[in-house]
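One letter stands for each residue in the lines below.
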Amino acid sequence: MQIKPESFWLNIQHDAFYAQHNLSISSFLISASRTVSIDYISSPKLNFFSKVKGRFWRNEPSFVFQFLGKEEFEPTTKRTYGSILSNLTYVKTFASGILVPKSYILPLDDKQYLLPPTSLVQDAHKAGLKLYVSGFANDVDIAYNYSFDPVSEYLSFVNNGYFSVDGVLSDFPITASTSIDCFSHIGRNARKQMDFLVITKNGASGDYPGCTDLAYEKAIQDGADVIDCSVKMSSDGKPFCSSSIDLTQSTMVIQSPFRNRSTIIPDISSDPGIYTFNLTWPEIQSLTPAIMKPYRSYNMFRNPNEKNSGRIISLSEFLNVANKSTSIYGVLISVEYVVYLREKQGLDVVKAVLDTLTETGYSNGTSTTKVMIQSTHSSVLVDFKKKSKYETVYKVEETIRDMSDSAIEDIKKFANAVVIGKSSVFPDVGSFVTGQTNVVERLRKSKLPVYVELFQNEFVSQPYDFCSDATVEINTYITGAGINGTITEFPLTASRYKRNQCLGRKETPSYMSPIKPGILLSLANPRSLPPAEAPYPVFTEDDVTESPQPLGTEKSPSSSTNAQTHRPSGQTRLTLSLRLSVFASFLLL
């Protein structure tokens, strides 16, 4: 198959080396121009342009002078590229454009944050030069300001309200094309082209410590539809938002006066931890939050300047924040460890959540914000169904390849939606997507919306098929798999995708097509792949059913809850049929 590009750019970097071997790059180019239309020629050497100028058979290409590091020397003039940059009028005498590294326009400080932009774009345009930028790649470190999102980086060069470069050189043209064609100049209030929910995971926890006031403020600002609170309990019965029941995972408690409260609780973890129910609410409020570091093994860290910013907030404050927002569609309240907290700590999470919802006006109709209760335990959701009218969301912890009809029918009796993991949609091996399951299709046919987690911007979180670009991944899950919502730590990326102007066209450009599962794997060397793994299990009715919630005792003076021991992924569940408990709950409504 022959592909004819819209334009043809040749970068000539080592003509002197070829000359030493009696090879002439300039003669080759002149000869090639008889049959090939060359649109651009770039080189970091000034004298190269004098060798080829005026000798082409067809229309002469645009000559682009390439700037290397500012302290490096241009071999012809023996001047640094930085000094040549100060005389763009001279550059204009032999070139129609310049090619510069990103740092020439948007420099970084020593902490990898953006400094104010230079005036180079305006200066080049004033001198009559086109300006092109090099150094774009999705799988390298970029400024923390971009939150690991390569689309945001491109947009900062073409859609910042002050200047726009004339072109970019990229290792990942799919991202460059998408950024410029689909997302530039659309504005935050542009019409949405796709209808799905952007649901947060601990707020905008990719930018700030999760479940803090700043993480939720950023999530609302970034266009999240639903903000979430993973409810934990203090020893005095205060429900609050925290990404982990173990405070060592979400705060700097290990450096606090409470560090000696570490304990091992086998029902939760075999590792020692300092648990939320071992501290009072005032003690928890005094803690410094800590941003998550899911990829520290890759030396990738999130927003270091704000790694301990924000404050931990209670469930009531979280609900008030959502209620005051004019853009939030709903809240997702996640409830786990219910049985353990009730039976071992005397803390009733279900009651605490329902009481707080009532106190903040969510149960009496004064709030228009939708409430969704999420749990990995069917019995917990049945309990909420008995006691309230809120929507319930069932989270499937296991990675699965299919779901039986009986399991789906059981889920429909107590849940309004389902959460599954990304690999339950597009399974992968060795970071290559191997195919696509029919789990989403089956659930949607049964009128159960499907929300998928966890979407992150870091390129190491994605299989190679998605080109190290979170937007490519989101596009594949939305248009390729048809999911109803993304659960993400970076809501801006998903929210921006909803305003993707390429999706509103009669013909969708190729770079906005979903990836084809398994294509990249078929090109990989089999020797480089890990051994084949056993197939993921089928989710059955036995995986859904659990014994009804036992009655519990409150811990004074707490506003307590019903509890369930947190189930590790793959743990066998009790198989007592759910049908009778669900039927009884309907009779009580």
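What counts, and where the lines are drawn
- Residues numbered from 1 in each chain as written.
- Predicted model: local features only at pLDDT ≥ 70, side-chain atom pairs only at ≥ 80, totals over all residues.
- Heavy atoms only, no water.
- Axes fitted to C-alpha atoms, helices over the stretch in contact; angles between N-to-C directions.
- Helix = DSSP H or I, 4+ residues; strand = E, 2+ residues; numbered from the N terminus.
- Parallel < 35°, antiparallel > 145°, perpendicular 65-115°, else oblique.
- Left-handed = near helix turned anticlockwise from the far one by under 90°.
- Contact = heavy atoms within 4.5 Å.
- Nonpolar A, V, L, I, M, F, W, Y, C, P; charged D, E, K, R; others polar.
- Pairing = 2+ DSSP bridges.
- Phe/Tyr/Trp six-rings, centres within 6.5 Å; stacked < 30°, edge-to-face > 60°.
- Lys NZ or Arg CZ within 6 Å of the ring centre and 35° of its normal.
- Domains from an automatic or database assignment.
- Buried area = accessible area lost by both parts, 1.4 Å probe.
- Salt bridge = Lys/Arg side-chain N within 4 Å of Asp/Glu carboxyl O.
- Polar contact = N/O pair within 3.5 Å; in protein donor to acceptor, adjacent residues only side chain to side chain.
- Disulfide = S-S within 2.5 Å.
- Buried < 20%, exposed > 50% of the residue type's maximum accessible area, 1.4 Å probe, protein only.
- UniProt positions renumbered as here; feature names shortened; annotations may be inferred.

Before going further, it helps to examine the packing of helix H7 (residues 150-158) against helix H8 (residues 173-183). Following both chains from N to C, one finds H7 and H8 inclined at 60°, their axes separated by 9 Å at the closest point. With respect to H8, the element H7 is oriented oblique. Between H7 and H8 lies a crossing whose hand is right-handed. Facing H7, whose interface residues are Pro150, Val151, Tyr154, Leu155 and Val158, H8 presents Thr175, Ala176, Ser179, Ile180 and Phe183. The class makeup of the residues in the contact of H7 with H8 is eight nonpolar, two polar and no charged.

An order of E1-E2-E3-E6-E7-E8 is seen for the six strands of this open sheet, with the pairing classed as parallel. Either end of the sheet is taken by a strand with one partner, and the two such strands are strand E1 (9-11) and strand E8 (167-170). The sheet shows a mean angle of 25° between the axes of neighbouring strands, direction not considered. Of the strand pairs in this sheet, strand E7 (residues 130-136) and E8 are connected by three bridges, and their pairing is parallel. Pairing of Val133 across the sheet is with Val168, part of E8.

Next up on the list: the packing of aromatic side chains. What the rule picks out here adds up to 28 aromatic pairs. Judged by centre distance (5.2 Å) and plane angle (40°), the ring pair of Tyr113 and Tyr144 falls under tilted. On the criterion of sequence distance, the pair formed by Tyr113 in the loop between strand E6 (97-101) and helix H6 (120-126) and Tyr144 in the loop between E7 and H7 is long-range, its members being 31 residues apart. Linked through ring pairs, Phe48, Phe49, Phe63, Phe65, Phe67, Tyr81, Tyr90, Phe94 and Tyr104 together constitute an aromatic cluster. Directly above the aromatic system of Phe136 lies the positively charged group of Lys102, at a separation of 5.3 Å from the ring centroid. The ring of Phe196 carries Lys498 above its face, with NZ or CZ at 5.4 Å from the centroid.

One widely used convention gives an interface's size as the accessible area the parts lose upon coming together. Here the chain is partitioned into domain 1 (9-183) and domain 2 (197-246 + 313-502 + 509-523). Residue-level contacts link 18 residues of domain 1 with 20 residues of domain 2. In total, about 1,600 Å² of surface goes out of reach between domain 1 and domain 2, with carbon and sulfur atoms giving 60% of it. As a salt-bridge pair, Asp149 and Arg496 come within 2.8 Å of each other at their nearest N and O atoms. Remark: the boundary between domain 1 and domain 2 carries 10 residue pairs in polar contact (both at pLDDT 80 or more). Counting residues per element, the ones that place at least two in the side of domain 1 that touches domain 2 are H7 and H8. Considering every element that reaches the side of domain 1 that touches domain 2, the biggest residue donor is H8, with seven residues. When the residues that make up the side of domain 1 that touches domain 2 are grouped by side-chain class, the tally is nine nonpolar, six polar and three charged.

On to the state of the cysteines. Joining two cysteines, a disulfide is a covalent bond between their sulfur atoms. For the coordinates displayed, the defined rule picks out two disulfides. Between the sulfur atoms of Cys182 and its disulfide mate Cys502 the distance is 2.0 Å. Classification of the bridge connecting Cys182 and Cys502 rests on its S-S torsion, roughly -90°, and on that basis the disulfide is left-handed. Of this pair, Cys182 sits in helix H8 while Cys502 sits in the loop between helix H18 (491-497) and helix H19 (519-523), and the two are 320 residues apart along the sequence. The same class applies to Cys182 as to Cys502, namely buried. In the chain, the bonded cysteines, numbered by position in the sequence, are linked as 1-4, 2-3. Not engaged in a disulfide, the cysteine Cys467 finds its nearest cysteine sulfur in Cys182; these two sulfurs lie 14 Å apart.

On to the side chain of Ser446. Structurally, Ser446 can be placed in the loop between helix H16 (439-445) and strand E19 (450-455). In this view, Ser446 contacts Ile408 and Lys412; residues no more than four positions away in its chain are not counted.

Quick look at the pattern of salt bridges now. For the structure on display, the rule yields 25 salt bridges. For Arg442, the salt bridge identified is with Asp402, shortest N-O distance 3.3 Å. Of this pair, Arg442 sits in helix H16 while Asp402 sits in strand E15 (residues 402-403), placing them 40 residues apart in sequence. Put simply, Asp15, Lys45 and Lys51 are held in one network by salt bridges that share partners.

It is worth spelling out the environment of Ala534 at this point. In this structure, Ala534 sits in the loop between H19 and strand E21 (538-539). Its relative accessible area of 64% is what places Ala534 among the exposed residues. Taking the C-alpha atoms as reference points, Ala534 and Asp428, 106 residues apart in sequence, are found 12 Å from one another.

Turning next to the UniProt feature "domain: GP-PDE" (unreviewed entry) in the chain. The sites that carry the UniProt feature "domain: GP-PDE" (unreviewed entry) are, in the present numbering, residues 1-180 and 196-498. In residues 196-498, the share of helix is 28% and the share of strand is 17%. The end C-alpha atoms are 8 Å apart.

What follows concerns helix H12 (residues 338-345). In an α-helix, one turn spans 3.6 residues; hence positions three or four apart end up facing the same way. Burial analysis of H12 places six of its eight residues in the buried class, which makes it a mostly covered element. Among the residues of H12, Val338, Val339, Tyr340, Leu341, Arg342 and Gln345 are the ones counted as buried. Contacts made by the buried residues of H12 are with strand E10 (226-233), strand E12 (330-335), helix H13 (349-359) and helix H14 (378-387). Two residues or fewer past H12, Gly346 is found with a positive phi of approximately 70°.

On to H14, then. The buried count for H14 comes to eight of 10 residues, which makes it a mostly enclosed element. Buried within H14 are the following residues: Ser378, Ser379, Val380, Leu381, Val382, Asp383, Phe384 and Lys385.

Another point: unusual backbone geometry. In the segment running from Glu453 into Leu454, the intervening peptide bond is cis, with an omega of 10°. For Leu454, the position within the fold is in strand E19. At Ser147, a residue that is not glycine, the phi angle is positive and equals roughly 55°. Classification of Ser147 by relative accessible area gives buried; the value is 13%. Its identity as a non-glycine residue notwithstanding, Cys211 has a phi of 65°, on the positive side. Along the polypeptide, Cys211 turns up in the loop between strand E9 (197-200) and helix H9 (213-221).

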